[in-house]
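Observations on the three-dimensional arrangement
Each chain is listed here by its residues.
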Amino acid sequence: QVQLVESGGGFVQAGESLILSCAASGRIFSGNTMAWYRQAPGKERELVATMTSGSRTNYADSVKGRFTISRDNAKNMVFLQMNSLKPDDTAVYYCAYQKLGAPTYWGQGTQVTVSS
């Protein structure tokens, strides 16, 4: 089992920045891919960013150039730096621990609200 706890969400104005953190514990393998997803009201959960153990990253087109995923394997932490936030970024953001390319464990989510 892997436990994930997100933090760092909040209410910001458009154009501002936030950094989300995810602390992982349990049976963690540093070779696994970590990811951030988000779910806006009335919409399906969507992939925001992934990062492999080898630091290869992938981003949704909607956040490229604005969001940056990073990880600290020594501390079992994953981060999402979000810059130039837009109202469309409003969602609950989830950290995910992926196995074989699919999210296997989820955090409880953290709310990000961006006002115009």
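Our structure's up above, just so we're on the same page.
Residues numbered from 1 in each chain as written. Predicted model: local features only at pLDDT ≥ 70, side-chain atom pairs only at ≥ 80, totals over all residues. Heavy atoms only, no water.

Here we take up the packing of aromatic side chains. Applying the stated rule across the entire model yields three aromatic pairs. Here the aromatic rings of Y37 and W106 are separated by 4.9 Å at their centres, their planes lie at 70°, and the arrangement is edge-to-face. With Y37 in strand β4 (residues 33-39) and W106 in strand β10 (residues 102-106), this residue pair connects regions lying 69 residues apart in the sequence. Their ring planes at 55° and their centres at 5.9 Å tell us that Y97 and Y105 sit as a pair that is tilted. Taking relative accessible area as the criterion, Y97 reaches 2% and is therefore assigned buried. On the basis of relative accessible area, Y105 is assigned to the buried category, the value being 18%. Ring pairs connect the aromatic residues Y37, Y94 and W106, which therefore count as one cluster. Taking NZ or CZ as reference, R45 lies 3.7 Å from the ring centre of Y94, over its face. One residue, R45, lies across the ring of W106, its end atom 4.4 Å from the ring centre. (Phe/Tyr/Trp six-rings, centres within 6.5 Å; stacked < 30°, edge-to-face > 60°. Helix = DSSP H or I, 4+ residues; strand = E, 2+ residues; numbered from the N terminus. Buried < 20%, exposed > 50% of the residue type's maximum accessible area, 1.4 Å probe, protein only. Lys NZ or Arg CZ within 6 Å of the ring centre and 35° of its normal.)

Further remarks concern the pairing of β4. Of all seven residues that make up β4, five are buried, and the element is covered over most of its length. Note: β4 against strand β5 (residues 46-51), five bridges, orientation antiparallel. Along β5, the bridge assignment pairs W36 with A49. As consecutive antiparallel partners, β4 and β5 are separated by six residues, and within that stretch G42 has a phi angle of approximately 75°, a positive value. (Pairing = 2+ DSSP bridges.)

The next thing to look at is unusual backbone geometry. A positive phi angle is found at S55, which is not glycine, with a value near 70°. According to the relative accessible area criterion, S55 is partly exposed, its value standing at 46%. The phi dihedral of N76 falls on the positive side, at around 55°, and the residue is not glycine. Residue position: N76 is located in the loop between β7 (67-72) and β8 (77-82).

Here the focus is the sheet that holds strand β3 (residues 18-26). The strand order across the open sheet formed by four strands is β1-β3-β8-β7, and the pairing between neighbours is antiparallel. The outermost strands of the open sheet, each flanked by one partner alone, are β1 (2-7) and β7. The sheet shows a mean angle of 15° between the axes of neighbouring strands, direction not considered. (Axes fitted to C-alpha atoms, helices over the stretch in contact; angles between N-to-C directions.)

Fair warning: the whole summary comes from geometry, so function is off the table for now.
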